[in-house]
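Coordinate inspection notes
Now for the letters of each chain:
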Amino acid sequence: AIDPQFNENREKVDEHEGHAVWGPVDEPEELGIHGTHVAVDFDLCIADGACLEDCPVDVFEWVDTPGHPESEKKADPANEAQCIDCMLCVDVCPVDAIDVDAG
Ligand code: SF4
Ligand code: F3S
Ligand code: ZN
């Protein structure tokens with residue numbers, strides 16, 4: 001599961017579409033965590049898609065990640081500022097790749 005303390009245990013190494021990327025990153029095999037309020041561990045995401053289907057405010061968008069060992073696309077928290085903290089995505093992700101900091 002995603003480390004809920006990722007922002008203390010990891011370094012912010014990049015930005016992507018206006019949100020943070022938390023390392024380590026070693027493309028294409030290691031992609032880190034995207035987002036801060038809504039954080040997705042790209043190295044855990046298996047492209048299940050439940051988060052995209054269920055988020056009521058369309059926070060997530062697919063990004064292609066060819067060459068990653070778990071999946072060739074990831075749910076990117078492209079619109080994390082729109083999150084209403086419903087926690088649905090956290091509940092439905094089968095690999096616990098998402099952390100939402102509602103506090
Ligand atoms: Fe969307 Fe709710 Fe997840 Fe926020 S907590 S990203 S609103 S599903
Ligand atoms: Fe990935 Fe979990 Fe969404 S596997 S696509 S973050 S439901
Ligand atoms: Zn991203």
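Everything below is about the structure shown above.
Residues numbered from 1 in each chain as written. Chains lettered and ligands numbered in written order. Predicted model: local features only at pLDDT ≥ 70, side-chain atom pairs only at ≥ 80, totals over all residues. Heavy atoms only, no water.

Let's talk about the pattern of salt bridges
All told, the structure shown has 2 salt bridges when counted by the stated rule. The salt bridge involving aspartate 41 is made with arginine 10; its shortest N-O contact spans 3.8 Å. With aspartate 41 in strand 4 (residues 38–41) and arginine 10 in the loop between helix 1 (6–9) and strand 1 (12–16), this residue pair connects regions lying 31 residues apart in the sequence. Assessed through its relative accessible area of 6%, aspartate 41 is described here as buried. (Salt bridge = Lys/Arg side-chain N within 4 Å of Asp/Glu carboxyl O. Helix = DSSP H or I, 4+ residues; strand = E, 2+ residues; numbered from the N terminus. Buried < 20%, exposed > 50% of the residue type's maximum accessible area, 1.4 Å probe, protein only.)

Details of the site of ligand 1
Cys55, Cys83, Cys86, Met87 and Cys89 are the nearest of the 14 residues found near ligand 1. For the shell around ligand 1, the per-class residue count stands at 13 nonpolar, no polar and 1 charged. (Near = heavy atom within 4 Å. Nonpolar A, V, L, I, M, F, W, Y, C, P; charged D, E, K, R; others polar.)

Thoughts on the coordination of the zinc ion (ligand 3)
When a metal holds four donors in a tetrahedron, each ideal angle between them is 109.5 degrees; when it holds six in an octahedron, the ideal angles are 90 or 180 degrees. Donor atoms from the polypeptide that bind the zinc ion (ligand 3) are His16 (ND1), His19 (NE2), His34 (ND1) and Asp76 (OD), placed at 2.0 to 2.1 Å. With 4 donor atoms in place around the zinc ion (ligand 3) and angles of 98 to 122° between them, the coordination shape is tetrahedral. Donor residues for the zinc ion (ligand 3) sit on one chain with the sequence pattern H-x2-H-x14-H-x41-D. On the criterion of sequence distance, the pair formed by histidine 19 in strand 2 (residues 19–22) and aspartate 76 in strand 6 (residues 73–76) is long-range, its members being 57 residues apart. Taking the relative accessible area as the measure of exposure, histidine 19 reaches 2% and is therefore buried. Residue class for aspartate 76 comes out buried when judged on its relative accessible area of 2%. (Donors = N, O, S within 2.8 Å, 3.2 Å for Na, K, Ca; no water. Tetrahedral: all angles 85-135°; square planar, octahedral: opposite > 155°, others 65-115°.)

Concerning the sheet that holds strand 4
With antiparallel pairing, 5 strands are arranged side by side in an open sheet as 1-2-3-4-7. Taken across any chain shown, the strands that pair with only one partner, and hence form the sheet edges, are strand 1 and strand 7 (98–100). In terms of strand pairing, strand 4 meets strand 7 through 3 bridges, oriented antiparallel. Note that in strand 7 the partner of valine 38 across the bridge is valine 100. (Pairing = 2+ DSSP bridges.)

Focus: a negative patch on the surface
Side chains of Asp14, Asp26, Glu27, Glu29 and Glu30 sit close together on the surface and give a patch of like negative charge. By relative accessible area, which is 60% here, glutamate 27 ends up exposed. (Patch = residues over 30% accessible without salt bridge, like charges linked within 9 Å, V, L, I, M, F, W, Y side chains within 5 Å. Areas by Shrake-Rupley, 256 points an atom, 1.4 Å probe, with all protein chains shown as cover. Lys, Arg positive; Asp, Glu negative; His and termini not counted. Charge placed at Lys NZ, Arg CZ, Asp CG, Glu CD.)

Quick notes on the nonpolar core
Core analysis: the largest hydrophobic core is formed by 16 residues, its most contacted members being Val38, Val40, Cys51, Phe60, Cys89 and Ile98. Within the residue set of this core, elements represented by two or more residues are strand 4 and strand 7. Excluding anything up to four places from it in sequence, cysteine 89 contacts Cys51, Phe60, Ile98 and Val100. Counting 6 residues, the second largest nonpolar core, distinct from the first, contains Ile2, Phe6, Trp22 and Ile33. (Core = buried A, V, L, I, M, F, W, Y, C linked by side-chain atoms within 4.5 Å. Contact = heavy atoms within 4.5 Å.)

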